[in-house]
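What follows is the residue order along each chain.
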Amino acid sequence: MSPGRKRDFSPVSWSQYFESMEDVEVENETGKDTFRVYKSGSEGPVLLLLHGGGHSALSWAVFTAAIISRVQCRIVALDLRGHGETKVKNSEDLSAETMAKDVGNVVEAMYGDLPPPIMLIGHSMGGAIAVHTASSNLVPSLLGLCMIDVVEGTAMDALNSMQNFLRGRPKTFKSLENAIEWSVKSGQIRNLESARVSMVGQVKQCEGITSPEGSKSIVEGIIEEEEEDEEGSESVNKRKKEDDMETKKDHPYTWRIELAKTEKYWDGWFRGLSNLFLSCPIPKLLLLAGVDRLDKDLTIGQMQGKFQMQVLPQCGHAVHEDAPDKVAEAVATFLIRHRFAEPIGGFQCVFPGC
């Protein structure tokens, strides 16, 4: 991009990257749940893509275009419960067990008793859910497993600071463009092309007049006023509601999911993850943003050759968004090496040193 040229932060449609979209209905005890999936490709193994916490299936958009051009495969990118456009009766149950069952149920609803060969690929929380799904044998035709930048030791250490990170994010945005610009400038997504399609799945238009933090108003100065005695509380509450309404008018977009409220499930996503991953009896791939992320169990497992690992430097945590071509190259090479898929477009395998 030439110097002085303004960057375009306008949103881009999913249809620029995926061929189709489908809402998959899953029957359960309480009725029907509807899971949003985005699809591409018509032949080869299915790559079932699971996004990280707070993200959506759209985080895989640019990767999808990159992998489809390298190897013969089908893409199914899923909005997990509580995320994106998926609609479930109990969106607050984000336990690893429930979300793993969701993945199995979606596969069954899409393919019946004879599912095609499937490789699970998950980023962060989605990587943990992929491992839980695989270890519980919920996808009978599972070929392989790929975790992207999720390691038990690092994840457990990071949980202590996660609430501070979430508090540091803006609560609302003036527009989708504003949200996309923030995601790139804050470093959450370092690739503008991916941010323009994926941030649409992270934010939504505000509803009602209640602020995202309930009693804690977004508008500065109100918090102190709420501490007045009860006689003045009625006028304070009225003023707070009016201020919230004004905030919503000025900043009509907020996060689709309040991740801070999912804290009780974080431990269950990641505890014991390394050994679960190592115990899955299928070919495995681990893609990391830095080699320093390896914990003891995975270091030993890697030395014993129990999985293939590749480090992709110069990436943030959203590795598949920051470097979609490199991730696509690594996954395509893995698929071809194990004879799970055929190369297309003259793609040449790149066999990493580790």
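Cut-offs and rules
Each chain has its residues counted from 1, following the order in which its sequence is written. Given that this is a predicted model, residues contribute local features only at a pLDDT of at least 70 and side-chain atom pairs are listed and counted only at 80 or more, while totals for whole chains, interfaces and linings are drawn from all residues. Excluding hydrogens and water, the side-chain values take into account all heavy atoms of the structure. UniProt positions are given in the numbering used here, feature names are shortened, and annotations may be inferred rather than shown by experiment. Using a 1.4 Å probe on the protein chains alone, a residue whose accessible area is under 20% of its type maximum counts as buried, one over 50% counts as exposed, and one in between counts as partly exposed. Comment: elements are numbered from the N terminus, with helices defined as DSSP H or I runs of at least four residues and strands as E runs of at least two. Any two residues having at least one pair of non-hydrogen atoms within 4.5 Å are treated as being in contact. The term polar contact refers here to a pair of N or O atoms within 3.5 Å; inside protein, the definition further demands a hydrogen-donor-capable atom paired with an acceptor-capable atom, and it admits residues adjacent in sequence only when both atoms are side-chain atoms. For helices, the fitted axis covers only the stretch in contact; all axes are lines through C-alpha atoms, and the angles between them, taken along N-to-C directions, range from 0 to 180 degrees. For classification purposes, angles smaller than 35 degrees are called roughly parallel, those larger than 145 roughly antiparallel, those between 65 and 115 roughly perpendicular, and all remaining angles oblique. Left-handed describes a crossing whose near helix is turned anticlockwise from the far helix by less than a right angle; the clockwise case is right-handed. Nonpolar residues are Ala, Val, Leu, Ile, Met, Phe, Trp, Tyr, Cys and Pro. Charged residues are Asp, Glu, Lys and Arg, and all others, Gly as well, are polar. Whether two strands pair depends on DSSP finding at least two bridges between them. Think of it like this: strands point away, you trace from the first strand over the helix to the second, and a clockwise trace means the crossover is right-handed.

As recorded by an unreviewed UniProt entry, the protein carries the name Protein phosphatase methylesterase 1 and is attributed to Lynx pardinus. Checking UniProt for the protein, the heading Subunit (unreviewed entry) contains the comment "Binds PPP2CA and PPP2CB."

(A) Spatial organisation of helix 3 (residues 125–135). For helix 3, the buried fraction is high: 10 of the 11 residues fall into the buried class. Where the residues of helix 3 are buried, they touch strand 3 (46–50), helix 2 (96–111), strand 5 (118–123), strand 6 (142–148), helix 9 (263–270) and helix 10 (273–279). Phi turns positive one or two residues past the end of helix 3, at asparagine 137, with a value near 55°.

(B) Up close: the side chain of aspartate 33. Relative to the assigned elements, aspartate 33 resides in strand 2 (residues 31–40). Of the polar contacts made by the side chain of aspartate 33, one reaches the backbone nitrogen of lysine 89; its length is 2.9 Å. The residues touching aspartate 33, leaving out its near neighbours within four places in the chain, are Val24, Glu25, Val26, Asn28, Arg81, Lys87, Val88 and Lys89.

(C) Highlighting the packing of helix 3 against helix 9. Contact pair helix 3 / helix 9: the axes reach a minimum separation of 9 Å and the direction vectors enclose 55°. Comparing their axes, helix 9 and helix 3 come out oblique. Judged by the twist between their axes, the crossing of helix 3 over helix 9 is left-handed. Together, Met125, Ala128, Ile129 and His132 of helix 3 and Gly268, Trp269 and Phe270 of helix 9 make up the contact between the two elements. Taken together, the residues of the contact of helix 3 with helix 9 sort by class into 5 nonpolar, 2 polar and no charged.

(D) Main features of the sheet that holds strand 7 (residues 172–173). Here 3 strands make up an open sheet; going across it, the order is 7-9-8 and the pairing antiparallel. Whereas interior strands pair on both sides, the edge strands pair on one side only; in this sheet they are strand 7 and strand 8 (203–205). Here strand 8 runs beside strand 9 (residues 253–255); their pairing, made up of 3 bridges, is antiparallel. Bridge assignment links glutamine 205 to a residue of strand 9, and that residue is tyrosine 253.

(E) Spotlight on the pairing of strand 5. When you tally the buried positions in strand 5, you get 6 out of 6 residues, the bulk of the element. Inspection of the sheet shows strand 3 paired to strand 5 by 5 bridges, in the parallel sense. Paired with leucine 48 across the bridge in strand 5 is leucine 120. Sheet analysis places strand 5 next to strand 6, joined by 6 bridges and oriented parallel. Counted as the bridge partner of methionine 119 is glycine 144 from strand 6. Note that the unit made of strand 5, helix 3 and strand 6 has a crossover that is right-handed.

(F) The environment of proline 343, seen in detail. Mapped onto the fold, proline 343 is located in the segment after helix 13 (324–337). It is 6.2 Å that separates the C-alpha atoms of proline 343 and glutamine 72, two residues lying 271 residues apart in sequence. In contact with proline 343, not counting residues within four places along its chain, are Arg70, Val71 and Ile336.

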